Amino acid sequence: MQNTERTGPPLTAGERETLRAYLDFHRATLALKCEGLDDEELRRQASPPSTLSLLGLVRHMAEVERQWFRRTIGGADVPHLWSDERDFQAAYDAADATRAEAFAAWEAEVEHSRAVEAAAESLEVTVYVPRWEQEASLRLVMLHMINEYARHNGHADFLREAVDGTVGV
């Protein structure tokens, strides 16, 4: 497996470039938290009674990328990756998952997300979000994704430490 590169966001870039860079920084952080672990370690539920695992987080973030960029911003009618019932929680069940399967799905969704974002005319592009019953901008979606990754990377910190004692990245 390759070593993941993580680059800090630019200190003087424009808004869109900064948002892209922060989002990629957090994507790389999740990948780094999983580096060097085998399938069993990635599936380990390290904080009972929670069933959360690093592999479950990767699968969940694939679903989240798919939802916000492909479905919401891009308007694509694509099914959930791990649920026929549109259940986002199903992605967390990594009992039979593998690194190869989870990371292939996540990396594919990240590439789709990047393409959807790059194709958008501006951060002011808005779409209707049925769950919120309001319009939301690409800017808000990108900020939401940064927040989503940051929150789950905090979970990943604890999960990784419980698996093998590794802290930091």
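Above this note sits the structure.
Residues numbered from 1 in each chain as written. Predicted model: local features only at pLDDT ≥ 70, side-chain atom pairs only at ≥ 80, totals over all residues. Heavy atoms only, no water.

Chemist: Can you lay out the overall build of the chain for me, pointing to particular residues and giving the numbers?
Modeler: Helix and strand counts for the chain come out as five helices and two strands. The C-alpha radius of gyration computed for the chain amounts to 16 Å, which stays within 12% of the reference 15 Å derived for 169 residues, consistent with globular compactness. For the chain, buried positions account for 46% of its 169 residues. Carbon and sulfur atoms form 50% of the exposed surface of the chain, whose accessible area is close to 9,000 Å². (Helix = DSSP H or I, 4+ residues; strand = E, 2+ residues; numbered from the N terminus. Rg over C-alpha atoms; globule rule 2.2 N^0.38 Å. Buried < 20%, exposed > 50% of the residue type's maximum accessible area, 1.4 Å probe, protein only. Areas by Shrake-Rupley, 256 points an atom, 1.4 Å probe, with all protein chains shown as cover.)

Chemist: How would you summarise helix α4 (residues 99–119) if you had to cite specific residues and measurements?
Modeler: With 21 residues, α4 should reach 30 Å at 1.5 Å per residue; the first-to-last C-alpha distance of 30 Å fits that figure. Looking at α4, one finds that the buried residues are R99, A102, F103, A105, W106, E109, V110, S113, V116 and E117. Buried residues along α4 cover an arc of 160° about the axis, so they all sit on one side. When the buried face of α4 is taken as reference, the exposed residues oriented beyond 90 degrees from it are A100 and A119. In this fold, the buried residues of α4 make contact with α1 (15–34), α2 (39–43), α3 (54–73) and α5 (138–164). (Expected span 1.5 Å × (residues − 1). Arc of directions from axis to C-beta. Contact = heavy atoms within 4.5 Å.)

Chemist: Lay out the nonpolar core in plain terms, naming residues and giving numbers.
Modeler: The nonpolar side chains of a soluble globular protein tend to be buried, and buried together. Judged by nonpolar contacts, the single largest core of 40 residues is most densely connected at L30, F69, W106, M145 and Y149. Secondary-structure elements contributing two or more residues to this core are α1, α3, α4, β1 (126–129) and α5. Among the elements that make up this core, the one with the highest residue count is α3 (10 residues). In contact with F69, other than residues within four places in its own chain, are L23, R27, G74, S113, V116, E117, L138, V141, M142 and M145. (Core = buried A, V, L, I, M, F, W, Y, C linked by side-chain atoms within 4.5 Å.)

Chemist: I'd like a description of α3, backed by residues and values.
Modeler: With 20 residues, α3 ought to run about 28 Å at 1.5 Å a step, and its terminal C-alpha atoms sit 27 Å apart, in line with that. By the largest-angle criterion, R66 marks the main kink of α3, which is about 30°. Counting buried residues along α3, 19 of its 20 residues qualify, which places the element largely inside the surrounding structure. (Bend = angle between axes of the 7 residues up to and from the residue.)

Chemist: Lay out unusual backbone geometry in plain terms, naming residues and giving numbers.
Modeler: The step from P48 to P49 runs through a cis peptide bond, and the omega angle for that step is 10°. Residue placement: P49 occurs in the loop between α2 and α3. Phi is positive for R86, which is not a glycine, with a value near 60°. With respect to the helices, strands and loops of the structure, R86 is situated in the loop between α3 and α4. With relative accessibility at 56%, the residue R86 sits in the exposed group. Phi at E133 takes a positive value of approximately 55°, unusual for a residue other than glycine.

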